[in-house]
Amino acid sequence: GQNIDQPTEMTATEGAIVQINCTYQTSGFNGLFWYQQHAGEAPTFLSYNVLDGLEEKGRFSSFLSRSKGYSYLLLKELQMKDSASYLCAVRDSDYKLSFGAGTTVTVRA
Amino acid sequence: IAGITQAPTSQILAAGRRMTLRCTQDMRHNAMYWYRQDLGLGLRLIHYSNTAGTTGKGEVPDGYSVSRANTDDFPLTLASAVPSQTSVYFCASSKGGDTGELFFGEGSRLTVL
């Protein structure tokens, strides 16, 4: 099974940078995903890491260290629309995705 | 482009009643999933199907059943609903492969009284 931990809440100022950490313990690792979910909406895909290192996609970057069971999502130049829940998810060898409880990010003006 | 369609959007149900949540995708994805989302617990996998004709149990399968008669449809049935099944239910699909990102439906909010 999977055990996925991420902080419950984070608050940051518009224009700032926020880093959301995720640690996991898994029986069969086959990729780590980050999803964004606005209140009352469905989750949407943000990023995918399967090898160690940093993946950059615009204002969002995701990092993975498989040996440490650790990932982070970096949100740069925060905008008000980035206020949402960010979900860390680990895929196992059967291609099933297990999610952490999510980190609610609040961006203040 | 519809993507994934779930029905109903919202439902209030008496305990003990049978309920089927419908999920249809038009992306010809092989894999489909049902998750429930509860406050503080995140998304938990109920059942999944890697391809038409096959299904598997997720983390919280008790009280739920699924079928996958064809590629497009993946209904979730609660045989006899209980209040602990009050939740938001999300259906998702994936084309598989390396990235294999999930595409989610808009969710079905179910309240069991």
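Definitions and limits used
- Position numbers for residues start from 1 in each chain and track the written sequence from start to end.
- Written order determines the labels here, with chains lettered from A and ligands numbered from 1.
- A pLDDT threshold of at least 70 governs which residues receive local features in this predicted model, and a stricter bar of 80 or more applies before side-chain atom pairs are shown or counted, although totals over entire chains, interfaces and linings include all residues.
- Processing note: side-chain calculations cover all non-hydrogen atoms of the structure and skip hydrogens and water entirely.
- Pairing between strands is defined by DSSP: at least two bridges between the two strands are required.
- Only DSSP runs of H or I with at least four residues qualify as helices, and only runs of E with at least two residues qualify as strands; both kinds are numbered from the N terminus onward.
- For every element, the axis is a line fit to its C-alpha atoms; helices are fit only across the contacting stretch, and the angle between N-to-C directions ranges from 0 to 180 degrees.
- Whether two residues are in contact is decided by their heavy atoms, any of which lying within 4.5 Å being enough.
- Summed over both partners, the accessible surface that disappears when two parts come together, traced with a 1.4 Å probe, is what is meant by buried area.
- The salt bridge criterion pairs a side-chain nitrogen of Lys or Arg with a carboxyl oxygen of Asp or Glu, the two atoms within 4 Å.
- Amino acid classes used here: Ala, Val, Leu, Ile, Met, Phe, Trp, Tyr, Cys and Pro are nonpolar; Asp, Glu, Lys and Arg are charged; the rest, including Gly, are polar.
- To pair, rings of Phe, Tyr and Trp, with the six-membered ring standing in for Trp, must have centres within 6.5 Å; the planes then decide the type, stacked if under 30 degrees apart, edge-to-face if over 60, and tilted in the middle.
- With a 1.4 Å probe rolled over the protein chains alone, any residue whose accessible area is under 20% of its type maximum counts as buried; one over 50% counts as exposed, and the rest are partly exposed.
- The nonpolar core is taken to be a set of buried Ala, Val, Leu, Ile, Met, Phe, Trp, Tyr and Cys residues, with the residues joined through side-chain atoms within 4.5 Å.
- Cavity: a set of points on a 1 Å grid over the protein atoms alone where a 1.4 Å probe fits but cannot get out. Pocket: an open set with protein on both sides within 12 Å along at least five of seven lines, its lining residues, like those of a cavity, having an atom within 4 Å of a point.
- Grid points are joined across faces, edges and corners, and a volume is the space filled by probe spheres set on the points.
- Any pair of cysteine sulfurs within 2.5 Å is marked as a disulfide.

Colleague: I would appreciate a short explanation of the sheet that holds strand β3 (residues 18-26) of chain A in the present structure.
Modeller: Each strand in a sheet pairs with another by means of backbone hydrogen bonds, the pair being arranged parallel or else antiparallel. Residue and element names in this part refer to chain A. Reading across from one edge, β1-β3-β8-β7-β6 is the order of the 5 strands in this open sheet, with antiparallel pairing throughout. This sheet does not close on itself; its edge strands, each paired only once, are β1 (2-5) and β6 (53-57). The mean angle between the axes of side-by-side strands here comes to 15 degrees, regardless of whether they run parallel or antiparallel. Pairing of β3 with strand β8 (residues 70-75), which is carried by 6 bridges, proceeds in the antiparallel orientation.

Colleague: Would you take a moment to explain the interface of chain B and chain A for this structure?
Modeller: Think of interface size as the accessible area that goes away when the parts come together; that is how it is often given. Contacts between the two partners involve 20 residues from chain B, matched on the other side by 17 residues from chain A. Summing both sides of the interface, chain B and chain A together bury roughly 1500 Å²; the carbon and sulfur share of this comes to 56%. Between the two partners, chain B and chain A, sit 0 salt bridges. Counting only elements with at least two residues in the side of chain B that touches chain A, the list comes to β4 (31-38) and β5 (42-49) of chain B. It is β5(B) that provides the largest number of residues to the side of chain B that touches chain A, a total of 4 residues. The residue inventory of the side of chain B that touches chain A, partitioned by class, reads 9 nonpolar, 8 polar and 3 charged.

Colleague: I would appreciate a short explanation of the packing of aromatic side chains in the present structure.
Modeller: How two aromatic rings sit relative to each other is given by the distance of their centres and the angle of their planes. Under the counting rule described, the total for this entry stands at 16 aromatic pairs over all chains. Taking 5.9 Å as the distance between ring centres and 75 degrees as the angle between the ring planes, the aromatic pair formed by A:Tyr35 and A:Phe45 counts as edge-to-face. With a gap of 10 residues between them, A:Tyr35 in strand β4 (residues 32-37) and A:Phe45 in strand β5 (residues 44-49) connect regions that are remote in the sequence. The exposure class of A:Phe45 is partly exposed, given its relative accessible area of 22%. Their ring planes at 45 degrees and their centres at 6.1 Å tell us that B:Tyr35 and B:Phe104 sit as a pair that is tilted.

Colleague: What am I meant to see in the nonpolar core here?
Modeller: What tends to happen in soluble globular proteins is that the nonpolar side chains get buried as a cluster. All names here are of chain A. Membership of the largest hydrophobic core comes to 20 residues, with the highest contact counts inside it found for Ile 20, Leu 32, Trp 34, Leu 73, Leu 75 and Tyr 86. Of all the elements in the fold, those that place two or more residues in this core are β3, β4, β7 (60-65), β8, β9 (84-91) and β11 (103-108). Ignoring any residue separated from it by four or fewer positions in sequence, one finds Leu 32 in contact with Tyr 24, Ser 47, Tyr 48, Asn 49, Leu 64, Ser 71, Cys 88, Ala 89 and Val 90.

Colleague: Would you take a moment to explain the layout of surface pockets for this structure?
Modeller: Remark: the empty space left among the atoms is shown by a probe the size of a water molecule rolled over them. Considering only enclosed or pocket space, the largest pocket measures out at about 630 Å³ in volume. Considering the residues around the largest pocket, the lining is formed by 26 residues, among which A:Gln37, A:Ala39, A:Gly40, B:Gln37 and B:Leu39 are closest to the centre. Looking at the lining of the largest pocket, its residues break down into 7 nonpolar, 15 polar and 4 charged.

Colleague: Where do I start with the state of the cysteines in this structure?
Modeller: Put plainly, a disulfide is one covalent bond tying together the sulfur atoms of two cysteines. Residues and elements named next belong to chain A. Counting across every chain of the model gives 2 disulfides over all chains. Linked covalently through their sulfurs, Cys 22 and Cys 88 form a disulfide whose S-S length is 2.0 Å. Here the disulfide of Cys 22 and Cys 88 is left-handed, its torsion about the S-S bond being about -70 degrees. Here Cys 22 is found in strand β3, whereas its partner Cys 88 is found in strand β9, with 66 residues between them in sequence.

Colleague: I tried to follow unusual backbone geometry on my own but got confused; where do I start?
Modeller: Note on backbone geometry: most residues besides glycine have negative phi, and most peptide bonds are trans. In this structure, the amide linkage connecting B:Ala7 to the following residue, B:Pro8, adopts the cis form with an omega of -5 degrees. Along the chain, B:Pro8 falls in the loop between β1 (4-7) and β2 (10-13). One non-glycine residue, A:Tyr95, lies in positive phi territory at about 65 degrees. As for its position among the elements, A:Tyr95 is in the loop between β9 and β10 (97-99). On the basis of relative accessibility, which here comes to 34%, the residue A:Tyr95 falls in the partly exposed class. Notably, B:Arg28 is not glycine yet its phi reads approximately 60 degrees, a positive angle.

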